[in-house]
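Coordinate inspection notes
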Amino acid sequence: MKFGTKAVHAGVEPDPTTGAIMTPIYQTTTYVQESPAMHKGYAYARGANPTRNALQNSLAALENGKFAICFSSGMGATDAVIKLLSPGDEVITSHDLYGGSYRMFRHVFEKYGIKFHFVDLTNTGNVASLINNNTKLFWLETPTNPLMNIVDIQAYVELARGKNILVAIDNTFASPFLQNPLDLGADIVMHSVTKYIGGHSDVIMGALVVNNEKLHQKLHFIMNSCGAVPGPQDSFLVLRGIKTLHLRMERHCLNGRKIAEYLKGHPKVGKVYWPGFPDHPNHAVAKKQMKDFGGMISFTLRDNSMKKATKLMESVKIFSLAESLGGVESLINHPASMTHASIPKEERIKSGLVDSLIRLSIGVEDFEDLTADLEQALKKV
Ligand SMILES: *Cc1c(COP(=O)(O)O)cnc(C)c1O
């Protein structure tokens, strides 16, 4: 089955008791048993809920995986993966990681004796010398936030082969429409469902997708033991969002291309970061592992000033100044003072996060209106 058909149908069966075409919101904490431990597969709703199960089946299908587990947030899903590890284990991950993942690795899990190496993963040569018998996990993110670097998933699958190292991908920026890491040999896919999959800026949720049954059992055990599970109402909203994921992504990609090209030609704009440009340093890898290039774009002003960037962000009318991404509405964000403010200024600038860097999450509006909005705002700068 192709992606759009799966988005509409996968995981969802008419309700067995009524025939309702949409999976009902099973708002219940417990399930009546016929006889002790004799039940219909549902005992207590931390362990399982029919609305959540339908969503998990849909997500597994979209990532070409066998099993999916949903969590109450993307961070809850990431937390479960790190809990597979033991003190003394080492993780190799990216130096331009999602800020929340960096915070969790450094400030929650380091004190439990897990060691994290933060390196530039666009160069696989940086990694080989760090691998030792304690290395248990590669945690990759691609494209990265906000500089849109691309990491070669297959190269890390090759590097991990035969070494008992799990390869996990934070696939949030790409969405399952653009990139399917399990097909490339990865072990775990993580999504902040909050972003493109939910797609309507109204649900916080996370998910893991895997193919290996033993790995699924271990993660399910952590989910049920630690309890970061989502509710049935949120599961319903995400099931509804998924039905248009392919349509939304096509429009995000089209709008992304139009706006990236518009910005590149603008005299007041400096650098434009978007993996679809042939001169993007990892364009070839992006082309190999992604179906299209998405709707996330970052850019700087030629005259790199915080004041001018602020003026631009105050002047837009259709774009909303807000954190997050992946919804139907276009958002504008200032990493230096918003999402990445916790990184010390010197480190920030060294990695390209300059004062005038602006990140756009392009929505599904008409691109002519979005470019006109940017045009009027750039005029005021
Ligand atoms: C938002 C985000 C997360 C965290 O997900 P939440 O649902 O906010 O907990 C992780 N990784 C990336 C790339 C994200 O954008």
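It should be emphasised that the depicted structure is a prediction, and the values quoted were computed from it without experimental measurement. (Residues numbered from 1 in each chain as written. Predicted model: local features only at pLDDT ≥ 70, side-chain atom pairs only at ≥ 80, totals over all residues. Heavy atoms only, no water.)

Let's talk about the overall build of the protein
The test is simple: What counts as a helix is a DSSP run of H or I of at least four residues, what counts as a strand is a run of E of at least two, and both are numbered from the N terminus. As a reference, a globule follows 2.2 Å times the number of residues to the power 0.38, and the radius of gyration itself is taken over C-alpha atoms. A contact between two residues is defined here by any heavy atoms of the two lying within 4.5 Å. Residues scored as positive are Lys and Arg, those scored as negative are Asp and Glu, and His as well as the terminal groups of each chain are ignored. A charged residue contributes its charge at one atom only: NZ of Lys, CZ of Arg, CG of Asp or CD of Glu.
Secondary structure summary: the protein contains 14 helices and twelve strands in total. A compact globule built from 381 residues would reach a C-alpha radius of gyration of about 21 Å, and the protein, at 21 Å, matches this within 12%. With the C-alpha coordinates of the protein rotated into their principal frame, the extents come out at 75 × 50 × 35 Å. In the protein, 72% of the contacts between residues at least 6 apart in sequence involve partners at least 24 apart. Positive and negative side-chain charges of the protein, numbering 40 and 36 respectively, have mean locations separated by a distance of 2 Å.

A short note on the pairing of strand β12 (residues 358-361)
Applicable threshold: Exposed residues in this analysis have more than 50% of their type's maximum accessible area, buried residues have under 20%, and partly exposed residues fall in between, with area computed by a 1.4 Å probe over protein chains only. Two strands qualify as a pair provided that DSSP identifies no fewer than 2 bridges between them.
Of the two faces of β12, the one lined by I358 and L360 and the one lined by R359 and S361 are each fully buried. As paired strands, strand β11 (residues 331-333) and β12 are joined by three bridges and run antiparallel to one another. In the strand pairing of β12, N333 is matched with R359.

A word on the nonpolar core
The criterion, for reference: Definition used in this section: a nonpolar core is a set of buried Ala, Val, Leu, Ile, Met, Phe, Trp, Tyr and Cys residues joined via side-chain atoms within 4.5 Å. What counts as a domain boundary in this text is fixed by an automatic or database domain assignment.
In this structure, L263, F299 and L360 are the most contacted members of the largest nonpolar core, which totals 65 residues. Looking at which element gives the most residues to this core, the answer is helix α10 (residues 245-264), with seven residues. The residue makeup of this core includes at least three contributed by each of domain 1 (3-242) and domain 2 (245-378). In this structure, V81, I82, L137 and M223 belong to the second largest nonpolar core, which totals 26 residues.

Structural notes on the domain arrangement of the protein
Worth spelling out the cut-off: Accessible surface is computed with a 1.4 Å probe, and the buried area is the amount of it that two parts give up when combined, taken over both parts together. Salt bridges are identified by distance alone: a Lys or Arg side-chain nitrogen within 4 Å of an Asp or Glu carboxyl oxygen. Polar contacts here mean pairs of N or O atoms no more than 3.5 Å apart (in protein, one a potential hydrogen donor and the other a potential acceptor; neighbouring residues in sequence count only if both atoms are side-chain atoms).
Along its sequence, the protein is organised into domain 1 (3-242) and domain 2 (245-378). Between the C-alpha centres of domain 1 and domain 2 there is a distance of 26 Å. Summed over both sides, the interface between domain 1 and domain 2 buries roughly 3000 Å², with carbon and sulfur atoms accounting for 62% of that surface. At the junction of domain 1 and domain 2, the tally comes to one salt bridge. Residue K288 is joined to D152 by a salt bridge in which the shortest nitrogen-to-oxygen separation is 3.1 Å. Along the contact surface separating domain 1 from domain 2 lie 16 residue pairs in polar contact (both at pLDDT 80 or more).

Some remarks on the site of the ligand
This is how the line gets drawn: Note on terminology: near, applied to a residue and a molecule or strand, indicates that one of the residue's heavy atoms is within 4 Å of it. In this description, accessible areas are obtained by the Shrake-Rupley approach with a 1.4 Å probe, and a residue is regarded as covered only by the protein chains that are shown.
Of all residues adjacent to the ligand, which total 14 residues, the nearest are G74, D170, S192, T194 and K195. At a separation of 2.6 Å, a nitrogen atom of the ligand approaches a polar side-chain atom of D170. Between an oxygen atom of the ligand and a side-chain N or O atom of K195, the distance comes to 2.8 Å. Coverage of the ligand by the protein amounts to 93% of the 380 Å² it exposes when considered alone.

Quick notes on helix α4 (residues 99-109)
Because each turn of an α-helix spans 3.6 residues, side chains separated by three or four positions in sequence point in the same direction. Put simply, the rule is: What the arc describes is the spread of directions from the helix axis to the C-beta atoms.
Residues of α4 that are buried: G100, S101, M104, F105 and F109. What you see down the axis of α4 is that its buried residues fit within an arc of 135°, all on one side. Turned more than 90 degrees off the buried face of α4, the exposed positions are R103 and H107. Residues of α4 that are buried sit in contact with α3 (74-82), β2 (90-94), β3 (115-119) and β4 (135-141).

Observations regarding the side chain of S330
Following the sequence through the fold, S330 ends up in the loop between β10 (320-321) and β11. Judged by its relative accessible area of 0%, S330 falls in the buried class. One polar contact links S330 to E365, side chain to side chain, over a distance of 2.8 Å. Those residues in contact with S330 that lie beyond four places of it in its chain are I318, F319, S320, S361, I362, G363, E365 and L370.

Focus: unusual backbone geometry
In this structure, P143 follows T142 across a cis peptide bond, with omega equal to -5°. In this structure, P143 sits in the loop between β4 and α6 (153-160). In this structure, P146 follows N145 across a cis peptide bond, with omega equal to 0°. Summarising the element assignment, P146 is placed in the loop between β4 and α6. Its identity is not glycine, yet M148 carries a phi of approximately 55°, on the positive side. Mapped onto the elements of the fold, M148 is located in the loop between β4 and α6. A positive phi angle is found at N164, which is not glycine, with a value near 60°. Structurally, N164 can be placed in the loop between α6 and β5 (166-170).

Quick notes on the sheet that holds β10
Stated formally: For helices, the fitted line uses only the C-alpha atoms of the stretch in contact; every axis is such a line through C-alpha atoms, and the angle between N-to-C directions lies from 0 to 180 degrees.
Sheet architecture is open: five strands sit in the order β8-β9-β12-β11-β10, paired in mixed fashion. On the outer flanks of this sheet lie β8 (269-273) and β10, each paired with one strand and no other. Against the sheet, α10 makes contact with β8, β9 (296-301) and β12, and its axis sits at roughly 10° relative to β9, the strand it touches most.

A word on the pattern of salt bridges
A side chain of one charge can pair with a side chain of the opposite charge when the charged atoms of the two come close. As enumerated under the stated definition, the model contains eleven salt bridges in all. Its salt-bridge partner being R161, residue E158 comes within 2.9 Å of it at the nearest N-O pair. R161 sits in the exposed class, given a relative accessible area of 53%. Its salt-bridge partner being K345, residue D355 comes within 3.4 Å of it at the nearest N-O pair.

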